[in-house]
Amino acid sequence: MESGNILEAINLSKSYPGVQALDSVNFLLKRGEVHAIVGQNGAGKSTFIEILAGSIQPDSGSIIIDGQDYVRLDPSQSIERSIQTVHQDNQLIEELSVAENIYLYNLPQTKLGFVNISLCIRHADDLLDRLGIETRSNIKISSLTFVEKKLISIAKAFSRKAKILILDEPTASLDIEGEKILFDIIRRNAEKGLSIIYISHDLGEIFEVCDRVTVLKDGKKIAAHDVKNVEMETIVHEMIGRSSHSLYTRVLNTARIKSDEKLEIIDYSRYKVVDHVSFSVRKGEIFGIGGLVGSGRTELARIIIGLDKKDSGKLVFCGKDITPSSPYDSIKKGIGYLTENRKDDGLVVIRPIFENISMARFARDRHIPYLELKKERTTTEEIASQLQIKTPSISQLVINLSGGNQQKVVLAKWLYANSEIILFDEPTVGVDVGSKSEIYHLIDNLVQQGKIIIIISSDYLELSSVCDRVGIMRFGKLITILEGAQINEENILKNSLGVTMEDN
Ligand SMILES: Nc1ncnc2c1ncn2[C@@H]1O[C@H](COP(=O)(O)OP(=O)(O)OP(=O)(O)O)[C@@H](O)[C@H]1O
Ligand SMILES: [Mg+2]
């Protein structure tokens, strides 16, 4: 291997029952480059990097790191060779502090052999400062937001000397500010010679921070390009086998909106997080909520469905008070809520796909005296295939699915529940571009049937291409509602950041 390459994978293969996750993949990582891996959900991206991290063993092939050959790696060898990985799913220990999580395996000790916690906190705070992360390290992980946890996972990877840093969908659910911190960290460290493998479904990001891109499809390597010599269109085509022109464009059909039948969200408040929010959504309408992470969007959804306590707020549907007293009450009243964090709230991962999909519907239709299991399976199968959930069978346990496919199971659950009102919180996080457009079609079908849809999203393209109106939250307040031609990515961004027209 020439000295410019730090890592090379040769003919790596890995299969699971019914799935060829990786099929003779070759890959080359140069020193100091940021190398993206892209591909549809289930293409094999996480499998590939978990092999490099030593947590999955390949069936065949080899890996050369800095000139040394390996047929397999275990996690300690991977770390010894200075490979650090930020996994797709949060792997922090909730009950420990930020500092303890960062230095979990090499906690500084006192002379007597006790853990020197104050030194640990000092080191961790220094590290966070250097990386430009504001969170303090003496706080418990459980009290952090989703975004802060993500940034801490990244800091943890930086706490040990890394020559190769692997990031699996680091920006999923990060907002523009979190992303900026991350991109700064990436650029500064790549300049110093760190090599980075970067997985993302957001091709825009890849064009912003990456030097090279490798495309995987169905476990095979399709191509590798220098980012500066390739068009986005080419990559989309290689990933999904069709052009981006065939992707979702919404045909606005305002005729379906029924102005007299509406859901009224009246004066919702929770001390310090949601500040007297009121708006209404008409039947047949898709209402988007934009804003930065922490602006109160998720908290608003949680108090609406009764997951968290509120100080005030009333929900009125077609003139009738339906304010839910608990999440279960809200399901009974026909309100679905897709949470932003699929693992904690949305899925029972050790159960099969079809059970997870049926779950919300059963909770709603408790009066059904018996289950028609066969019919249930057929319907779940249909919806799983509409959403392109990649799996040999819907009896597969959810834990064995790739990240994006798990997200599709949560979506399927709410699409199937037949709720009148659905709140989607970051519905397409981790979902590939091709499947996103299928999901938007399904959501559009729902509003055609007169359902009410509210979508919270940090994806400005999603908000601007899917929603009829977009409300923007900032510091707990609903500061504006964009309509018609006002809805575009730039406007959503500016309002989220609080940049008013006069500032320009
Ligand atoms: N433990 C397992 N048992 C069975 N199948 C598995 C297991 N782990 C992964 N797979 C399958 O291997 C394939 C590749 O999965 P992988 O997680 O690598 O995809 P990915 O490219 O990271 O997708 P995503 O974008 O959704 O994260 C998928 O079809 C997945 O269902
Ligand atoms: Mg993955």
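These numbers were taken from a predicted model, which means no experiment stands behind them.

Here's the deal with the sheet that holds strand 2 (residues 19–30)
Argument step 1. One open sheet accounts for 4 strands, arranged 2-1-4-5; its pairing is antiparallel. At either margin of the open sheet sits one strand with a lone partner, and together these are strand 2 and strand 5 (68–70). In this sheet, adjacent strand axes meet at a mean angle of 15° when their direction is disregarded.
Argument step 2. As judged from the 8 bridges shared by strand 1 (residues 5–16) and strand 2, these two strands associate in the antiparallel manner. By the bridge assignment for strand 2, Lys14 is matched with Leu22.

Things to note about the domain arrangement of the chain
Argument step 1. In terms of domain boundaries, the chain breaks down into domain 1 (5–244) and domain 2 (261–347 + 418–496).
Argument step 2. Here the C-alpha centroids of domain 1 and domain 2 sit 31 Å apart.
Argument step 3. Of the residues lining the interface, 16 residues belong to domain 1; the matching set on domain 2 comes to 16 residues.
Argument step 4. If you list the elements that add at least two residues to the side of domain 1 that touches domain 2, you get helix 5 (146–159), helix 6 (176–191) and helix 8 (232–240).
Argument step 5. Top contributing element to the side of domain 1 that touches domain 2 by residue count: helix 6, with 3 residues.
Argument step 6. Residue composition of the side of domain 1 that touches domain 2, by class: 6 nonpolar, 6 polar and 4 charged.

A word on the pairing of strand 9 (residues 212–217)
Argument step 1. In terms of residue burial, strand 9 counts as a mostly covered element, since 5 of its 6 residues are buried.
Argument step 2. Alignment of strand 3 (residues 34–38) against strand 9, held across 4 bridges, turns out to be parallel. Pairing of Val38 across the sheet is with Val215, part of strand 9.
Argument step 3. The pairing of strand 9 with strand 10 (residues 220–226) spans 6 bridges and is classified as antiparallel. Bridge pairing links Val213 to His225 in strand 10.
Argument step 4. Hairpin connection from strand 9 to strand 10: 2 residues lie between these consecutive antiparallel strands, with Asp218 at a positive phi of about 45°.

Notes on the site of ligand 1
Argument step 1. Near ligand 1 there are 21 residues, and of these Asn41, Ser46, Thr47, Ser402 and Gly404 occur at the shortest range.
Argument step 2. Those elements that provide at least two residues to the shell around ligand 1 are strand 2, helix 1 (45–52) and helix 14 (403–416).
Argument step 3. Class assignment of the residues belonging to the shell around ligand 1 gives a composition of 5 nonpolar, 14 polar and 2 charged.

Brief notes about unusual backbone geometry
Argument step 1. Residue Ser24 is not a glycine yet carries a positive backbone phi of 45°.
Argument step 2. One can find Ser24 in strand 2.
Argument step 3. Judged by the 14 C-beta atoms lying within 10 Å of it, Ser24 falls in the partly exposed class.
Argument step 4. The phi angle at Asp66 is positive, at roughly 50°, despite the residue not being glycine.
Argument step 5. With respect to the helices and strands, Asp66 occurs in the loop between strand 4 (60–65) and strand 5.

Quick look at the packing of helix 4 (residues 117–131) against helix 5
Argument step 1. At their nearest, the axes of helix 4 and helix 5 sit 10 Å apart, and the two run at 110° to each other. Taken together, the axis directions place helix 4 and helix 5 in an arrangement best described as roughly perpendicular. Residues Leu127, Leu128 and Leu131 of helix 4 pack against Ala155, Phe158 and Ser159 of helix 5.
Argument step 2. A per-class count over the contact of helix 4 with helix 5 returns 5 nonpolar, 1 polar and no charged.

Some words on helix 13 (residues 373–386)
Argument step 1. Helix length check: helix 13 (14 residues) gives 20 Å between terminal C-alpha atoms against 20 Å at 1.5 Å per residue, within 8%.
Argument step 2. Positive phi appears at Gln388, one or two residues downstream of helix 13, with a value of about 55°.

Some details on the environment of Val274
Argument step 1. Following the sequence through the fold, Val274 ends up in strand 12 (residues 274–283).
Argument step 2. Separated by 212 residues in sequence, Val274 and Gln486 have C-alpha atoms that sit 25 Å apart.
Argument step 3. Excluding residues that lie within four positions of it along the chain, Val274 makes contacts with Tyr268, Ser269, Gly296, Glu299, Leu300, Ile303 and Gly476.

As for the environment of Asp184
Argument step 1. Of note, Asp184 is situated in helix 6.
Argument step 2. Owing to 13 C-beta atoms within 10 Å, Asp184 belongs among the partly exposed residues under this scheme.
Argument step 3. Note: C-alpha distance between Asp184 and Asn116 (68 residues apart in sequence) is 31 Å.

Some words on the sheet that holds strand 13 (residues 286–291)
Argument step 1. As summarised here, the arrangement of the 6 strands in space is 16-17-18-13-19-20, forming an open sheet in which the pairing is mixed. In this open sheet, the two edge strands, each paired with only one partner strand, are strand 16 (335–338) and strand 20 (477–483). Between one strand axis and the next, the sheet turns through 20° on average, direction left out of account.
Argument step 2. Judged from the 4 bridges that link them, strand 13 and strand 18 (residues 452–456) form a sheet pairing that is parallel. Paired with Gly288 across the strands is Ile455, a residue of strand 18.
Argument step 3. Strands strand 13, strand 19 (469–474) and strand 20 of the sheet are contacted by helix 17 (residues 489–497), whose axis makes an angle of about 25° with strand 19.

Comments concerning the nonpolar core
Argument step 1. Counting 67 residues, the largest nonpolar core has Ile304, Val409, Ala412, Leu423 and Ile453 as its most contacted members.
Argument step 2. Broken down by element, this core gets its largest block of residues, 7 residues, from helix 14.
Argument step 3. Setting aside its immediate chain neighbours within four residues, Ala412 contacts Ile357, Ile383, Ala384 and Leu387.
Argument step 4. Counting residues in each nonpolar core, the second largest holds 64 residues, with Tyr103, Val147, Ile154 and Ile235 among its members.

Structural notes on helix 9 (residues 297–304)
Argument step 1. For helix 9, the buried fraction is high: 8 of the 8 residues fall into the buried class.
Argument step 2. Those residues of helix 9 that sit buried are Arg297, Thr298, Glu299, Leu300, Ala301, Arg302, Ile303 and Ile304.
Argument step 3. In the stretch just after helix 9, Gly306 is the one whose phi turns positive, near 85°.

Cut-offs used in this document
- Residues numbered from 1 in each chain as written.
- Chains lettered and ligands numbered in written order.
- Predicted model: local features only at pLDDT ≥ 70, side-chain atom pairs only at ≥ 80, totals over all residues.
- Pairing = 2+ DSSP bridges.
- Helix = DSSP H or I, 4+ residues; strand = E, 2+ residues; numbered from the N terminus.
- Axes fitted to C-alpha atoms, helices over the stretch in contact; angles between N-to-C directions.
- Domains from an automatic or database assignment.
- Contact = placed C-beta atoms within 7 Å.
- Nonpolar A, V, L, I, M, F, W, Y, C, P; charged D, E, K, R; others polar.
- Buried ≥ 20, exposed ≤ 12 C-beta atoms within 10 Å, placed from the backbone.
- Near = placed C-beta within 6 Å.
- Parallel < 35°, antiparallel > 145°, perpendicular 65-115°, else oblique.
- Expected span 1.5 Å × (residues − 1).
- Core = buried A, V, L, I, M, F, W, Y, C linked by C-beta atoms within 7 Å.

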